[in-house]
Amino acid sequence: MTGAGVSAASGVPTFRGPGGLWRHFRPEQLATPEAFRRDPALVWEWYDWRRGLIAACAPNAAHEAIARWSRSPGFTLVTQNVDGLHERAGTANVVRYHGSIWTLKCAAVCGAPDWEDRRVPIDPLPPRCPSCGAYARPGVVWFGEAIPPEAARAAAAATACDVFLSIGTSSVVYPAAALVAEARACGAFTVEINPETTGAAVDLAIAMPAETALPLLKSWGA
Ligand SMILES: NC(=O)c1ccc[n+]([C@@H]2O[C@H](COP(=O)([O-])OP(=O)(O)OC[C@H]3O[C@@H](n4cnc5c(N)ncnc54)[C@H](O)[C@@H]3O)[C@@H](O)[C@H]2O)c1
Ligand SMILES: [Zn+2]
């Protein structure tokens, strides 16, 4: 499982590290359904800024190592990241636990299927649902929202594994943070890779940046 730390070396700010603030807002003040209801234009300005930033970033050595492992059978990547850099690195079998910043959906839930929109900047802002004309919203999971059922099911299935790596996540956002404990309870050998200790109970903590540590790990299945 990966979190924002995996994309830090690509230049994507984490939520809880330097660069996490936008204007004077914390992400927890903007990434919520309440914030969107109160001020959809403000929330979209923040997403538009993040989309522009991410569009200028490229996958790093951590994404590339994971992409190599993903070609072996039995591999699943559960990512909390919404930036799409794992997919750009060519990773197979990705479970997007928190959705994608490049997917939009109708905020009025009119029944229109979600759609992809990679325009930077987005125009108009806020964008509109092509079916009903209501505001569109980013296709990400906001604080307080449920994980998409299919992603939750696939992630739960992936915890029944031999080895579970928890990479670049502060392990404070639930239910994502519970997956490593579930894997450990199922008998997996659990490893955290993060330059800072998070307090997650794991069998081994490697205090290194992901982009340094992952290329050193023996390749999957070797
Ligand atoms: N890139 C993205 O898509 C992105 C960016 C920010 C936040 N988010 C979202 O915000 C939520 C925040 O949770 P989170 O735990 O993913 O992020 P977080 O911001 O809470 O924590 C990031 C963690 O990464 C660690 N870290 C920093 N640099 C690292 C490196 N080079 N290698 C390894 N670890 C490093 C930090 O010590 C920290 O523990 C998630 O739900 C996610 O969807 C996504
Ligand atoms: Zn609609």
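In case you missed it, the structure is sitting above this.
Treat the numbers as computed from the prediction; the structure is a model and nothing was measured. (Residues numbered from 1 in each chain as written. Chains lettered and ligands numbered in written order. Predicted model: local features only at pLDDT ≥ 70, side-chain atom pairs only at ≥ 80, totals over all residues. Heavy atoms only, no water.)

To continue, consider the coordination of the zinc ion (ligand 2). Cys106 (SG), Cys110 (SG), Cys129 (SG) and Cys132 (SG) make up the full set of protein donors to the zinc ion (ligand 2), lying at 2.3 to 2.4 Å. Classification of the site at the zinc ion (ligand 2) rests on its four donor atoms, whose angles at the metal span 104 to 112°, yielding the label tetrahedral. One chain supplies every donor to the zinc ion (ligand 2), and in sequence these donors are spaced C-x3-C-x18-C-x2-C. Residue cysteine 106 is located in strand 3 (residues 99-106), and its partner cysteine 132 is located in the loop between strand 4 (115-116) and strand 5 (136-140); the two are separated by 26 residues in the primary sequence. (Donors = N, O, S within 2.8 Å, 3.2 Å for Na, K, Ca; no water. Tetrahedral: all angles 85-135°; square planar, octahedral: opposite > 155°, others 65-115°. Helix = DSSP H or I, 4+ residues; strand = E, 2+ residues; numbered from the N terminus.)

We now examine helix 4 (residues 61-69). When we look at burial in helix 4, the residues that qualify are Ala62, His63, Ala65, Ile66, Ala67 and Trp69. Contact partners of the buried residues in helix 4: strand 1 (77-79), helix 5 (85-88), strand 6 (163-167) and helix 8 (210-213). Among the residues of helix 4, the N-terminal cap falls to asparagine 60, whose side-chain oxygen and the backbone nitrogen of alanine 62 are separated by 2.7 Å. (Buried < 20%, exposed > 50% of the residue type's maximum accessible area, 1.4 Å probe, protein only. Contact = heavy atoms within 4.5 Å. Polar contact = N/O pair within 3.5 Å; in protein donor to acceptor, adjacent residues only side chain to side chain.)

Throughout the structure, instances matching the rule amount to seven aromatic pairs. An angle of 45° between the planes, with centres 6.4 Å apart, marks the rings of tyrosine 47 and tryptophan 142 as tilted. Of this pair, tyrosine 47 sits in helix 3 (residues 40-55) while tryptophan 142 sits in the loop between strand 5 and helix 6 (149-158), placing them 95 residues apart in sequence. Like tyrosine 47, the residue tryptophan 142 is buried in the burial classification. Of the aromatic side chains, those joined through ring pairs into one cluster are Phe15, Phe36, Trp44, Trp46, Tyr47, Trp142 and Phe143. It is arginine 50 that lies over the ring of tryptophan 46; its NZ or CZ is 4.6 Å from the centre. Here arginine 137 stacks its cationic end above the ring of tryptophan 142, 3.8 Å away from the centre of that ring. (Phe/Tyr/Trp six-rings, centres within 6.5 Å; stacked < 30°, edge-to-face > 60°. Lys NZ or Arg CZ within 6 Å of the ring centre and 35° of its normal.)

Of all the positions in helix 6, only Ala151, Ala154, Ala155 and Ala158 are classed as buried. Projected down its long axis, helix 6 carries its buried residues within an arc of 100°, all on one side. Tucked into the core, helix 6 has its buried residues touching strand 1, strand 2 (94-96) and helix 7 (179-185). (Arc of directions from axis to C-beta.)

Moving on, we come to the site of ligand 1. Around ligand 1, a shell composed of 25 residues is seen, among which Arg16, Gln80, Asp83, His98 and Ser170 lie nearest. Measuring from an oxygen atom of ligand 1, one finds a backbone N or O atom of valine 82 at 2.8 Å. Residue glycine 168 places a main-chain N or O atom 3.2 Å away from an oxygen atom belonging to ligand 1. Starting from 850 Å² of accessible surface for ligand 1 in isolation, the protein chains cover 90%. Considering only residue class, the shell around ligand 1 consists of ten nonpolar, eleven polar and four charged. (Near = heavy atom within 4 Å. Areas by Shrake-Rupley, 256 points an atom, 1.4 Å probe, with all protein chains shown as cover. Nonpolar A, V, L, I, M, F, W, Y, C, P; charged D, E, K, R; others polar.)

Here we take up the pattern of salt bridges. Per the stated rule, a full pass over the model turns up eleven salt bridges. We note a salt bridge from glutamate 116 to arginine 118, for which the minimum N-O separation is 3.1 Å. Judged by its relative accessible area of 48%, arginine 118 is partly exposed. With a shortest N-O distance of 2.9 Å, arginine 153 and glutamate 150 are connected by a salt bridge. With arginine 153 and glutamate 150 both in helix 6 and three residues apart, this pair spans about one turn of that helix. (Salt bridge = Lys/Arg side-chain N within 4 Å of Asp/Glu carboxyl O.)

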